[in-house]
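Structural overview for review
These are the residues of each chain, in order.
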Amino acid sequence: MEIIEGIHRIDEASSNLAHSNVYLVISGKELVVVDTGMSGNAKKIVHYIQKIGHQPSEVSAIVLTHYHMDHMGSVKELKDVTNAKVAVHVDDADFVAGKKPFPKPKNVLLRAVSSFIKPTPVDVDVLLNDGDIIGDLTVVATPGHSPGSIALFDAQRRALFTGDTLRFDGTKVTGAPEQYTWDSEKEKQSIQKLSALDFDIMLPGHGEILKADASKKVREFVDSQRKT
Ligand SMILES: [Zn+2]
Ligand SMILES: [Zn+2]
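Counting restarts for each chain: residues are numbered from 1 in the order of the written sequence. Numbering of ligands from 1 and lettering of chains from A proceed in the order in which they are written. Side-chain atom pairs in this predicted model are given and counted only at pLDDT of 80 or more, local residue features only at pLDDT of at least 70, and totals for whole chains, interfaces and linings cover all residues.

**Thoughts on the overall build of the protein chain**
Per the secondary structure count, the protein chain includes seven helices and 14 strands. For 228 residues, the compact-globule estimate of 2.2 N^0.38 gives 17 Å, and the C-alpha radius of gyration of the protein chain, at 16 Å, lies within 12% of that figure. Overall, the C-alpha framework of the protein chain stretches about 50 × 40 × 30 Å when taken along its three principal axes. Any residue with 12 or fewer other C-beta atoms within 10 Å of its own C-beta is exposed, any with 20 or more is buried, and the rest are partly exposed; the C-beta atoms used are placed from the backbone. A total of 228 residues make up the protein chain; the buried ones form 43% of that total. Put simply, 65% of the contacts in the protein chain that link residues at least 6 apart link residues at least 24 apart. Per the convention used, a helix needs a DSSP run of H or I reaching at least four residues, while a strand needs a run of E reaching at least two, with both numbered from the N terminus. Using C-alpha atoms as the atom set, the radius of gyration is obtained and then compared with a globule rule of 2.2 Å times the number of residues to the power 0.38. Residues are defined as contacting one another if the C-beta atoms placed from their backbone atoms lie within 7 Å.

What follows is the structure, encoded as structure tokens:
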């Protein structure tokens, strides 16, 4: 589904258990995929790209907002069919590439699950840093949810992809559940950093897309956190 001109949410791909969002950004002649969902999604993503009249080979980059398996699950399959470059923040790259074991989740159930479900690692082609530009998107480093979590800011479309750092449940903006968070203090600072940006639309890794007054709602969330 096209959200605004040039930004699509690939709905077919989010019908998995973890229900994470997969986005496609059309930057001129280049297509950029933001996150890939759980494993087994590559076919659905390719099908969507073809349905809107593009070719999988036009995908120039697959950007991961962080290394968690509900976002990188299909990155290897998708890279194999598109030949796109995989771009990840430098501080999450070794997890994505399988060079470093994942930090142990705090949640006991999650720890058990993650010991037997492991996403397929993939070589990282582009190491991202704060301020880097990829297509129409500017990288905003937002460590906290994971060491190398990023947001992606599209200044022209006034849209912000927040990964798991912020989500919208249809009513209010929240952070990710604490048990999935690597460093809550850093995450708080990163959310403050995002609240200083001006954007209308927020495109989170989970939940609903916030289509109006997004940065205002993020600021309200930050204020409510200060009071508690
Ligand atoms: Zn996550
Ligand atoms: Zn997630």
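**Focus: the sheet that holds strand E6 (residues 85-89)**
Paired strands, in this sense, are two strands between which DSSP finds at least two bridges. Judged by pairing direction, the sheet is mixed, and its seven strands sit side by side in the order E1-E2-E3-E4-E5-E6-E7 without closing on themselves. Strands with a single pairing partner mark the edges of an open sheet, and in this sheet they are strand E1 (2-4) and strand E7 (126-128). Averaged over all adjacent pairs, the angle separating strand axes in this sheet is 25°, with direction ignored. As paired elements, strand E2 (residues 7-9) and strand E3 (residues 23-27) share three bridges and run antiparallel to each other. Among the inter-strand pairings, histidine 8 is bridged to a residue of E3, identified as leucine 24. Seen against the sheet, helix H3 (residues 75-82) touches strand E4 (30-34), strand E5 (59-63) and E6 and runs at an angle of roughly 170° to E5. For helices, the axis comes from a line fit to the C-alpha atoms of the stretch in contact; other axes are also lines fit to C-alpha atoms, and the angle between any two N-to-C directions lies between 0 and 180 degrees.

**Side note on H3**
Buried within H3 we find Val75, Leu78, Lys79 and Thr82. Looking down the long axis of H3, one finds its buried residues gathered within 100° of arc, a one-sided arrangement. Contacts made by the buried residues of H3 are with E4, helix H1 (42-51), E5, helix H2 (69-72) and E6. What the arc covers is the set of directions going from the helix axis to the C-beta atoms.

**Remarks on the sheet that holds strand E14 (residues 201-204)**
Within the open sheet, the five strands sit side by side as E8-E9-E10-E11-E14. Their pairing is mixed. Edge positions in the open sheet fall to strand E8 (133-134) and E14, since each of these has one partner strand only. As paired elements, strand E9 (residues 137-141) and strand E10 (residues 150-154) share four bridges and run antiparallel to each other. By the bridge assignment for E10, threonine 138 is matched with phenylalanine 153.

**Concerning the environment of leucine 197**
Its location among the elements puts leucine 197 in the loop between helix H6 (184-195) and E14. Leucine 197 sits in the partly exposed class, given 16 other C-beta atoms within 10 Å. The sequence separation of leucine 197 and aspartate 169 amounts to 28 residues, and the corresponding C-alpha distance is 21 Å. Not counting the four nearest positions on each side in its chain, leucine 197 is found in contact with Phe153, Leu160 and Ser215.

**As for the packing of H1 against H3**
At a minimum axis separation of 9 Å, H1 and H3 run at an interaxial angle of 45°. The orientation of H1 with respect to H3, classified from their angle, is oblique. Residues Ala42, Ile45 and Val46 of H1 form the contact with H3, whose participating residues are Glu77, Leu78 and Val81. Grouping the amino acids of the contact of H1 with H3 by side-chain chemistry returns five nonpolar, no polar and one charged. Orientation is classified from the angle alone, with under 35 degrees giving roughly parallel, over 145 giving roughly antiparallel, 65 to 115 giving roughly perpendicular, and any other angle giving oblique. Polarity classes work like this: nonpolar for Ala, Val, Leu, Ile, Met, Phe, Trp, Tyr, Cys and Pro, charged for Asp, Glu, Lys and Arg, and polar for all others, with Gly in that last group.

**Quick word on unusual backbone geometry**
One non-glycine residue, aspartate 35, adopts positive backbone phi at about 65°. Examined against the element boundaries, aspartate 35 turns out to sit in the loop between E4 and H1. With a phi close to 50°, aspartate 213 is a non-glycine residue in the positive phi region. Position of aspartate 213 among the secondary structure elements: in the loop between E14 and helix H7 (214-227). Using a count of 14 C-beta atoms within 10 Å as the deciding quantity, one classes aspartate 213 as partly exposed.

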